[in-house]
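# Structural overview for review
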Amino acid sequence: MNIDTLFLFIIEIVGTIAFAISGIRLAAVKHFDLFGAYTIGLVTAIGGGTLRDLLLDIPVFWLQTPVYLAVTGISLLTVIIFRKVLVSHNRLLFIFDAIGLALFVVIGIQKTLASGYPMWGAIVMGTITGSFGGVVRDILINEEPLFFRKDIYATACLAGGVVYWLIDLFGGSTVFQQAACGVTVIGLRFCVLLFDWSLPVLKYDGSENSEDLSASDKKK
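The following paragraphs examine the structure supplied in this document. (Residues numbered from 1 in each chain as written. Predicted model: local features only at pLDDT ≥ 70, side-chain atom pairs only at ≥ 80, totals over all residues. Heavy atoms only, no water.)

### Some thoughts on unusual backbone geometry
Within the chain, Asn 142 stands out as a residue other than glycine whose phi angle is a positive 65°. Here Asn 142 shows up in the loop between α6 (119-140) and α7 (154-169). Despite not being glycine, Asp 196 shows a phi value in the positive range, around 60°. Structurally, Asp 196 can be placed in the loop between α8 (174-195) and α9 (207-219). (Helix = DSSP H or I, 4+ residues; strand = E, 2+ residues; numbered from the N terminus.)

### Some details on the packing of aromatic side chains
Within this structure, the stated rule accounts for five aromatic pairs. Note on Phe 19 and Phe 104: the rings are 5.4 Å apart at their centroids and 20° apart in plane angle, and the pair reads as stacked. You can see Phe 19 sitting in helix α1 (residues 3-29) and its partner Phe 104 sitting in helix α5 (residues 90-114), a full 85 residues away along the chain. Across the pair, exposure class does not vary: Phe 19 and Phe 104 are buried alike. With 6.3 Å between their ring centres and 35° between their planes, Phe 195 and Trp 197 make a pair best called tilted. Owing to a relative accessible area of 54%, Phe 195 belongs among the exposed residues under this scheme. (Phe/Tyr/Trp six-rings, centres within 6.5 Å; stacked < 30°, edge-to-face > 60°. Buried < 20%, exposed > 50% of the residue type's maximum accessible area, 1.4 Å probe, protein only.)

### A word on the nonpolar core
One broad rule of soluble globular proteins: the nonpolar side chains tend to lie buried together. Membership of the largest hydrophobic core comes to 41 residues, with the highest contact counts inside it found for Phe 19, Leu 101, Ile 109 and Cys 181. Residue assignment for this core shows that the elements contributing at least two residues are α1, α2 (34-56), α3 (67-81), α5, α6, α7 and α8. If one sorts the elements of this core by residue count, α5 sits on top with eight residues. With residues up to four places along the chain from it excluded, the contact list for Phe 19 reads Gly 41, Thr 44, Ala 45, Asp 97, Gly 100, Leu 101, Phe 104, Gly 130 and Tyr 153. (Core = buried A, V, L, I, M, F, W, Y, C linked by side-chain atoms within 4.5 Å. Contact = heavy atoms within 4.5 Å.)

Dropping the structure here:
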């Protein structure tokens, strides 16, 4: 394993821990049992990467080694031991989610480029890698997916990818590209927390039309 591969592996492990803890923490709030909490943590951690690898037609990363399953177990144990701190503080969930999001965006971009795809495809795959696990997590715990809310989430992934691409155009090093991408994602997510940044919401007040439609349906 060369240095670049080892570095990406470390990033992936740290991202797995961050996302797994965010998922397990939410499962604890919903009073899931230990198996359910582990499952939610695992799906959160590997969901995006699994879809990425399937779309890229490469071996699914977590099927190559049991490390990711073990890391999720360690994350579950961490939440159990420090549950008073991790479960009671909502900002900790935000922090872990932001870290996992940033790291997996970087991983998604790197793996896509390594598979020979263009940069625009890598940005899309980085967004999928970072956000899809969270979408599945929210669906399984019966919450509106964060991906579809007004919070800057998927947009942060795209912004990180664009920064990665711009640095590549100007000949920056790979490490600098990765760092800038990650900082951009985390920075935007923290702007959401600190300054309440959000995207415009598509609103439509269709109550009157809905009432007319209901009346029409009754006549039929």
